[in-house]
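Listed here are the chains, written in short residue letters.
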Amino acid sequence: MCGIFGIVNDGTSQAAQTVLDGLKKLEYRGYDSWGIAIIPKSGGRIRIEKHVGKIGSAKTTLPDSTIAIGHTRWATHGGVTDINAHPHLDCSGQIAVIHNGIVENYQDLKEELKREKHTFHSETDTEVIAHAIEEELKTGRSINHAVFSVFNTLVGSNAIGVLDLHAGSIVICRNGSPLAIGIGSNSYYLGSDVTAFLKFTRRVYFLADGEAAVLTVNGVKLYDISSQAEKKLVTHTVDWKVEDVQKGGYPHFLLKEIIEQTATIKKTARLNETELKQIAKKIADGGRVVLCGCGTAFYCALAAKYYFSLAGIEAQAYGAYEFLPFAKFADKKTLFIAISQSGETADTLIAAKAAKKNGAHLIAVVNARASTLERLSDTIIAVGAGPEIAVVSTKAFTAQLATLYLLSRAVGGKYKEAQKAMTNLGAVLEKWLTPKNRTAILNLAKKLIDYEDMYLIGKHLNFPAAMEFALKIKETSYIHAEAFASGELKHGVITLIQKGTPCFALFANDETRQEVLSSATELKARGATIIGISPFAAPEFNYHIQTPELGDLTIFGNIIVGQLLGYYLGIGRGTDPDKPRNLAKSVTVK
Ligand code: G6P
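Residues numbered from 1 in each chain as written. Predicted model: local features only at pLDDT ≥ 70, side-chain atom pairs only at ≥ 80, totals over all residues. Heavy atoms only, no water.

## Let's talk about the site of the ligand
Close to the ligand lie 13 residues, the nearest being Thr296, Ser340, Gln341, Ser342 and Thr345. Ser342 is positioned such that a nitrogen or oxygen atom in its side chain is 2.6 Å from an oxygen atom of the ligand. In the model, an oxygen atom of the ligand is placed 2.4 Å from a nitrogen or oxygen of the Thr345 side chain. For the ligand, the protein covers 90% of the area, taking 390 Å² as the surface of the free molecule. In this structure, the ligand is accommodated by the second largest pocket. Here the shell around the ligand is composed, by residue class, of five nonpolar, six polar and two charged. (Near = heavy atom within 4 Å. Polar contact = N/O pair within 3.5 Å; in protein donor to acceptor, adjacent residues only side chain to side chain. Areas by Shrake-Rupley, 256 points an atom, 1.4 Å probe, with all protein chains shown as cover. 1 Å grid on protein atoms, 1.4 Å probe; cavity = no way out; pocket = protein on both sides within 12 Å on 5 of 7 lines; lining within 4 Å. Sits in = over half its atoms within 2 Å of the grid points. Nonpolar A, V, L, I, M, F, W, Y, C, P; charged D, E, K, R; others polar.)

See below:
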């Protein structure tokens with residue numbers, strides 16, 4: 001969590017404003033407070049501005065500058081206050097630090113630094129880094145070497161940026177938390193991801209763990225932190241376009257990304273054929289499939305488990321945060337499929353590392369590129385949905401599920417058939433997502449807007465679909481929405497139903513239809529309002545949203561209803577659908 005951004009040699013001399021704009025692109029990483037530090041063009045001390053709250057349309061009053069760093073925070077150590085917002089200064093005011101990660105040994109470091117008479121202003125772990133560098137500088141070392149030495153003492157996953165007044169440089173270091181450098185024409189950038197500087201340059205370098213870089217007006221130098229030796233910097237050009245990180249006429253990224261799915265599903269079906277066939281062969285040769293992820297990615301794992309079963313393969317699915325007790329069962333036969341939009345989710349990385357340590361073949365099903373998960377993995381399956389900016393995952397989820405469907409079918413030699421089915425799915429969804437159908441979901445949202453509790457039922461594939469549907473409602477509108485397997489209903493949960501309680505029933509037109517209809521009837525008999533999400537109408541439904549008839553793929557349409565409904569409910573209840581409270585898109589802490 002937390003986003004960091006910086007620029008050296010800003011041609012506009014408005015480095016603070018440039019950083020502010022860049023931070024807006026990183027807000028998905030955390031948005032409880034933000035801050036910027038600059039070296040004024042006119043000389044003098046480092047100047048800092050920090051505020052609690054989202055950046056939104058904030059303006060900065062910092063003076064002209066060509067060098068600046070900035071940070072958007074998701075609080076871990078210390079409450080959400082101006083003082084705890086980054087950047088943090090040392091006692092002398094010579095250096096300012098921004099940080100993404102957790103310094104696990106910060107208490108010990110803080111005690112030592114206090115004994116050396118350093119004064120702390122915040123409750124953060126980050127501030128110790130500034131004072132530790134100040135202490136190291138007293139030994140006469142250069143700023144680069146002082147930063148490298150201090151970084152080596154930090155325990156945990158961390159990425160830092162250090163602005164030095166005297167050298168007029170920014171030193172950045174990475175261990176576990178993402179950092180990218182952008183090389184523009186005469187301007188140099190750093191960011192937690194490339195979206196922050198895509199507007200200026202597509203020439204990038206992603207730092208590996210244990211690497212540092214120094215950005216000055218003369219360019220960027222890359223170093224190995226342990227040996228402090230310089231390394232050759234080889235950049236590459238990313239294929240993302242500026243439009244990918246803009247709203248493109250939509251009021252919110254979330255709506256844009258929901259609508260984009262019809263194209264991204266078709267696109268993902270054209271990718272990764274070689275890798276998918278290789279993994280399919282390993283499965284056919286007796287490889288054991290273990291699927292793992294957090295949040296939306298976990299529901300993707302659960303849905304994929306049903307697809308594997310339909311293809312005759314037994315797969316297991318775990319929430320990554322609950323995998324460790326089972327990691328001991330991973331071995332050379334295990335194909336550990338880590339699903340993650342960002343590739344940076346701490347729990348998913350921990351689970352992946354544990355499986356790999358026991359000999360598992362690690363497969364990353366990711367959307368963002370050059371992530372930590374990607375670096376760890378033996379096989380990378382990048383689903384190609386493009387930058388997903390809204391915190392709530394939509395198009396990355398459907399691209400990941402589509403890819404895992406392709407994999408499940410590839411095992412039985414049905415790859416081409418599945419690819420056609422995916423292309424058809426994209427086309428059918430495109431025809432179905434008409435303004436008329438979207439309005440029907442909007443009208444349903446208007447009817448449900450004042451309810452605080454909703455329940456969902458589904459069976460087989462529609463059970464994980466109902467869980468993902470519920471998550472979209474919770475994340476976007478803050479309404480309590482809970483999904484149950486329809487078979488579970490009579491075993492306790494039916495007590496929750498009162499007169500008028502909204503209950504969604506998700507269907508496919510298959511052998512589960514009658515059983516779910518019976519459950520819906522039982523709910524209705526206890527006063528529930530039944531909302532059918534299905535390709536067919538039924539007398540049990542008080543409301544009905546018709547989704548395309550797509551056999552095993554019907555859940556894609558059913559889930560998209562949940563995405564749109566969550567979006568409309570959120571708008572109606574005054575939330576920010578792109579940045580729900582308390583969440584961050586990339587949860588890089590345990
Ligand atoms: C956070 C987000 C969720 C997301 C989950 C996993 O909790 O709020 O929307 O599903 O992280 O993220 P990943 O990047 O691993 O898919």
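Following the structure, the description resumes.
## A look at the environment of Lys356
Tracing the backbone shows Lys356 in helix α8 (residues 346-357). Taking C-alpha positions, Lys356 is 9.4 Å from Leu335, a pair spaced 21 residues apart along the chain. Ignoring anything within four residues of it in the chain, the contact list for Lys356 reads Leu362, Leu376 and Asp378. (Helix = DSSP H or I, 4+ residues; strand = E, 2+ residues; numbered from the N terminus. Contact = heavy atoms within 4.5 Å.)

## As for the sheet that holds strand β22 (residues 480-485)
Strand order in the open sheet formed by five strands is β22-β21-β23-β24-β25, and the pairing between neighbours is parallel. One side of each edge strand has no neighbouring strand; the edge strands of this open sheet are β22 and β25 (543-546). Across the sheet, the mean angle from the axis of one strand to that of its neighbour is 20°, orientation sign disregarded. Across the face of the sheet, helix α12 (residues 435-448) comes into contact with β21 (453-458), β23 (502-506), β24 (529-534) and β25 while running at roughly 150° to β25. (Pairing = 2+ DSSP bridges. Axes fitted to C-alpha atoms, helices over the stretch in contact; angles between N-to-C directions.)

## Some remarks on the side chain of Glu344
Inspection of the secondary structure assignment puts Glu344 in the loop between β18 (334-340) and α8. Side-chain polar atoms of Glu344 contact the side chain of Thr372, separated by 2.6 Å.

## What about the pairing of β22?
As judged from the six bridges shared by β21 and β22, these two strands associate in the parallel manner. From the neighbouring strand, Gly458 faces β22, where its bridge partner is Ala485. In the classification by handedness, the crossover that spans β21, the intervening helix α13 (residues 462-477) and the parallel β22 is right-handed. (Right-handed = clockwise from strand over helix to strand, strands pointing away.)

## Description of the environment of Gly78
By the secondary structure assignment, Gly78 is in the loop between β4 (65-73) and β5 (88-89). Note on Gly78: relative accessible area 23%, which makes it partly exposed. Separated by 350 residues in sequence, Gly78 and Val428 have C-alpha atoms that sit 49 Å apart. Once residues within four sequence positions are removed from consideration, Gly78 is found in contact with Arg73, Asn84 and Glu123. (Buried < 20%, exposed > 50% of the residue type's maximum accessible area, 1.4 Å probe, protein only.)

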